[in-house]
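Analysis of the macromolecular model
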Amino acid sequence: MSRIVSIWLPRWPIQRFLIAQSKTPKSPETVDPRSPFVLTVDASGGPRIASASRLAEEEGLAAGGLVADARAKVPGLQTRPLVAEADASALHRLGLWVLRYTPSVAVYREADGADGLFLDIAGASHLAGGEEALLADIVKRLRHFSLGARIALADTPGAAWALSRFHPQASFILPEGADPGPALAGLPMAALRLPDGLCQTLRRLGFRQVGDLIGKPRAPFASRFDPLLLKRLDQAMAIRDEALALLEPPPFYHRSRQLLEPVVSQTAVVHVATRLMQDLVPLLTRDGVGARVLQLRLFRVDGEVRTIHIGLACATRDPSHVARLVALDLERLGETIDAGFGFETIGLAATRTEKVGNRQDRLSLREGPRRPDVAGLAGRRSELIDALRQRLGPGAVRQLHPEERHDPARAETERDAEEVEPTWPRPDPSRLRPPLFLDRPEPLQIIATRPDGLPGHFRWRGAPHRIIELQGPERIAAPWWEQTAPALPTVAKEEFGWGKTGDVPASIPAGETTASQKRNRFEDNEAGRERSVLLPAPMRQDHYVAETQDGQRFWLCREAEGWFMRGLFA
């Protein structure tokens, strides 16, 4: 069963604005929090109040009122425009911080007010000493961030949301499995997350509290009111399930540690990450999988969250290997991952896993244990790729993959090294290919030719070479679809008395009727259409393997322009 915590932040836009303002230098535009202050939005009939400070509410101002009326009621009222994007971004960052308690966190949607968070703490409350201790810790830390919060815990999001907003106690816990009816009965209709218009209609009909609906026949409400009414009631009463849009899918393999003292050194972070990976190994071994992508989260004392993504070339369960990658990543990031006053909570999650086969660690009990993930060439290769990627950054390590192309110089392409090991085709002895291709073919200076017209002595890069053996030719034609269409002469429009191409005649030329003009225009279009389907003849090249007197072997290419150097053999 789920245990949902609802954290409501009253006047969230105001609190977010004042916190952001406190981090900037004072100026004439700085808002005085000791005076009434509202955030406004443009609306029909003039700007309206979107959120009001506590002092403004004490003066009788409320969200939805006209700003003009508010200024008349409160002279000197401070106003600023609402920035909804900044509020949503800050709430999302706060949701990432709350991940220190549980991996299942959701942000209030617009229908919920967009001013709070949902947490599913089922199976996680014992890490904080129980549900009461967890809620108290959340409230204390939010107060340290200058955020006032009301909090409630229930079995459903609907009940937790209603209790956090309307219950007399600022922190309330509904026991697990308890009937939410008695706790919700005295709350107003707005506790069911209903639109204002529907709440007003229910009040006019005498339904003022949630208890007025509980236990009543459902048919009259279903026929006379919006279906949302019964849906919200069922969600609050745990009759109908409600799905939460979590910030991130909760990982199946996850471990975290709340430290007694914040840590700031890289060595301490690596040590904790190693211990967390050791805690994950039994779970990974039980399911026969290894971690392919890991996510290390560092929660700072001031609420900031730093995330390190660790990608692996192959699945692993080796804590020491993961520790080296964390150390390399911390060295690469350097000062960009500032610890501030220290990290108080560190979490490690395997966000992607793969099946791994069983491997023999040692031959006998007398032998020392072998590291399971580095046995053999494949393990050493994956270790090297992981270390280079963590040190140089994602996407910096690449490898060649075969690709079917006519030109052997383009028969391979670069891909990220995280992909599977490429399978190369077996070489054909009848078609030799050089291991090194030049970026651009370089022209050769032919000094002497053989009786058959092939070169016998040439100069390349200033050095002479005498050919003693020449194997070939091998003709390779470029794909016709990669050729550029030849420039063909255009048909002059002057033949039809039209002037330059694209000009429109002011009048029909003398001696030409309207019908002949249309015929000429049709013939001209047909000529252009015929030119567009003409394809160039594929460019052909003859290649030779040349061996010189000093044992060097070259890959030579013959084209219409002459002879070129394409590649070198070992």
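Just so we're clear, the structure is a prediction, and the values are computed from it rather than from any experiment.

Now for the overall build of the protein. Regarding its fold elements, the protein presents 14 helices and 21 strands. A sequence separation of at least 24 residues applies to 60% of the contacts in the protein between residues at least 6 apart. Carbon and sulfur atoms make up 53% of the accessible area of the protein, which amounts to about 32,100 Å² in all.

So, about unusual backbone geometry. A cis amide bond, omega 5 degrees, links glycine 472 with the succeeding residue proline 473. Locating proline 473 in the fold gives a position in strand E18 (residues 463-477). For alanine 114, which is not glycine, the phi dihedral falls at a positive 50 degrees. By the element assignment, alanine 114 lies in the loop between strand E5 (105-107) and strand E6 (116-120). Overall, the relative accessible area of 24% leaves alanine 114 in the partly exposed class. Despite not being glycine, arginine 461 shows a phi value in the positive range, around 55 degrees. Among the secondary structure elements, arginine 461 is positioned in the loop between strand E17 (455-460) and E18.

Strand pairing in a sheet relies on backbone hydrogen bonds. The paired strands run either parallel or antiparallel. One open sheet accounts for four strands, arranged E9-E12-E10-E11; its pairing is antiparallel. At either margin of the open sheet sits one strand with a lone partner, and together these are strand E9 (253-263) and strand E11 (305-316). In this sheet, neighbouring strand axes are inclined to one another by 15 degrees on average, regardless of whether the strands run parallel or antiparallel. In the packing of helix H12 (residues 319-333) onto the sheet, contacts are made with strand E10 (289-300) and E11, and the angle to E11 comes to roughly 135 degrees.

A word on the packing of aromatic side chains. Scanning the entire structure with this criterion turns up 12 aromatic pairs. The interplanar angle of 40 degrees and the centroid separation of 5.2 Å between the aromatic rings of phenylalanine 17 and phenylalanine 37 together place this pair among those described as tilted. Here the residue phenylalanine 17 occupies a position in helix H1 (residues 12-22), and phenylalanine 37 occupies one in strand E2 (residues 37-41), the gap between them amounting to 20 residues. Since its relative accessible area comes to 18%, phenylalanine 17 is described here as buried. On the basis of relative accessibility, which here comes to 2%, the residue phenylalanine 37 falls in the buried class. Look at tyrosine 108 and phenylalanine 118: their rings are 4.8 Å apart centre to centre, the planes differ by 50 degrees, and that puts the pair in the tilted class. Of this pair, tyrosine 108 sits in the loop between E5 and E6 while phenylalanine 118 is found in strand E6, placing the two residues 10 residues apart along the sequence. Across this residue pair, the class does not change: tyrosine 108 and phenylalanine 118 are buried. Among the aromatic side chains, those forming a connected cluster through ring pairs are Trp97, Tyr101 and Phe145. The lysine or arginine in question, arginine 100, covers the ring of tyrosine 101, its NZ or CZ lying 5.0 Å from the ring centre.

As defined by bridge partners, E2 adjoins strand E3 (residues 48-52) across four bridges and the pair is classed as antiparallel. Within E3, the position partnered with valine 41 by the bridge is arginine 48. Hairpin connection of E2 to E3: six residues between the antiparallel strands, including glycine 45 at a positive phi of 90 degrees.

A word on the pattern of salt bridges. One side chain can pair with another of opposite charge once the charged atoms of both are near each other. Across all of its chains, the model carries 30 salt bridges by this definition. With a shortest N-O distance of 3.0 Å, aspartate 287 and arginine 286 are connected by a salt bridge. We classify aspartate 287 as partly exposed; its relative accessible area is 23%. The shortest N-O distance in the salt bridge between arginine 306 and glutamate 304 comes to 3.8 Å. Residue classification places glutamate 304 among the partly exposed residues on the basis of a relative accessible area of 31%. Residues joined by salt bridges that share partners form a network here, namely Arg100, Asp137, Arg141 and Glu344.

The next point concerns the packing of helix H11 (residues 266-287) against H12. Put simply, H11 and H12 touch, their axes get as near as 9 Å, and they point 145 degrees apart. Like other packed secondary-structure pairs, H11 and H12 cross with a definite hand, here right-handed. Of the residues in H12, those in contact with Gln266, Val269, Val270, Ala273, Thr274, Met277, Gln278 and Val281 of H11 are Pro319, Val322, Ala323, Val326, Ala327, Leu330 and Glu331. Here the residues of the contact of H11 with H12 are counted per class, giving 11 nonpolar, three polar and one charged.

Right, let's talk about the side chain of aspartate 329 for a bit. Assignment of secondary structure puts aspartate 329 in helix H12. At 2.7 Å, the side chain of aspartate 329 and the side chain of arginine 332 are in polar contact. When residues no more than four places from it in sequence are discounted, the contact partners of aspartate 329 are Ile308, His309 and Gln390.

Core analysis: the largest hydrophobic core is formed by 34 residues, its most contacted members being Leu163, Leu184, Leu192, Leu202, Leu213 and Leu229. Top element by residues in this core is helix H6 (residues 157-166). It accounts for five residues. Those residues in contact with leucine 229 that lie beyond four places of it in its chain are Leu194, Leu198, Leu202, Leu213 and Phe221. One finds Leu296, Leu325, Phe343 and Ala350 within the second-largest nonpolar core, a separate group that totals 31 residues.

Next up on the list: the sheet that holds E2. Taken in spatial order, the three strands make up an open sheet running E3-E2-E4, and their pairing is mixed. Of all the strands in the sheet, the pair left with one neighbour each is E3 and strand E4 (78-81). Put simply, the sheet's adjacent strands are angled 40 degrees from each other on average, direction ignored. Pairing between E2 and E4: four bridges, direction parallel. Considered in E4, the bridge of valine 38 is made with threonine 79. Here H1 sits on the sheet in contact with E2, E3 and E4, set at roughly 110 degrees to E2.

Of all residues in the protein, 84% have pLDDT values of 70 or greater, and the mean over the chain is 83. Segment residues 485-509 is flagged for pLDDT under 50; beyond a separation of four residues in sequence, or across chains, it makes 28 contacts in the model. Below a pLDDT of 50 lies the segment residues 527-538, which in the model reaches 11 contacts outside its immediate sequence neighbourhood of four places, other chains included.

Residue pairs spaced three or four apart in an α-helix point in one direction, given the helix's 3.6 residues per turn. With 15 residues, H12 ought to run about 21 Å at 1.5 Å a step, and its terminal C-alpha atoms sit 21 Å apart, in line with that. Listed as buried for H12 are Pro319, His321, Val322, Ala323, Leu325, Val326, Ala327, Asp329 and Leu330. Where H12 ends, the next residue or the one after it, glycine 334, has phi of about 60 degrees, a positive value.

Definitions and cut-offs
Residues numbered from 1 in each chain as written. Predicted model: local features only at pLDDT ≥ 70, side-chain atom pairs only at ≥ 80, totals over all residues. Heavy atoms only, no water. Helix = DSSP H or I, 4+ residues; strand = E, 2+ residues; numbered from the N terminus. Contact = heavy atoms within 4.5 Å. Areas by Shrake-Rupley, 256 points an atom, 1.4 Å probe, with all protein chains shown as cover. Buried < 20%, exposed > 50% of the residue type's maximum accessible area, 1.4 Å probe, protein only. Pairing = 2+ DSSP bridges. Axes fitted to C-alpha atoms, helices over the stretch in contact; angles between N-to-C directions. Phe/Tyr/Trp six-rings, centres within 6.5 Å; stacked < 30°, edge-to-face > 60°. Lys NZ or Arg CZ within 6 Å of the ring centre and 35° of its normal. Salt bridge = Lys/Arg side-chain N within 4 Å of Asp/Glu carboxyl O. Left-handed = near helix turned anticlockwise from the far one by under 90°. Nonpolar A, V, L, I, M, F, W, Y, C, P; charged D, E, K, R; others polar. Polar contact = N/O pair within 3.5 Å; in protein donor to acceptor, adjacent residues only side chain to side chain. Core = buried A, V, L, I, M, F, W, Y, C linked by side-chain atoms within 4.5 Å. pLDDT = per-residue confidence, 0-100. Expected span 1.5 Å × (residues − 1).

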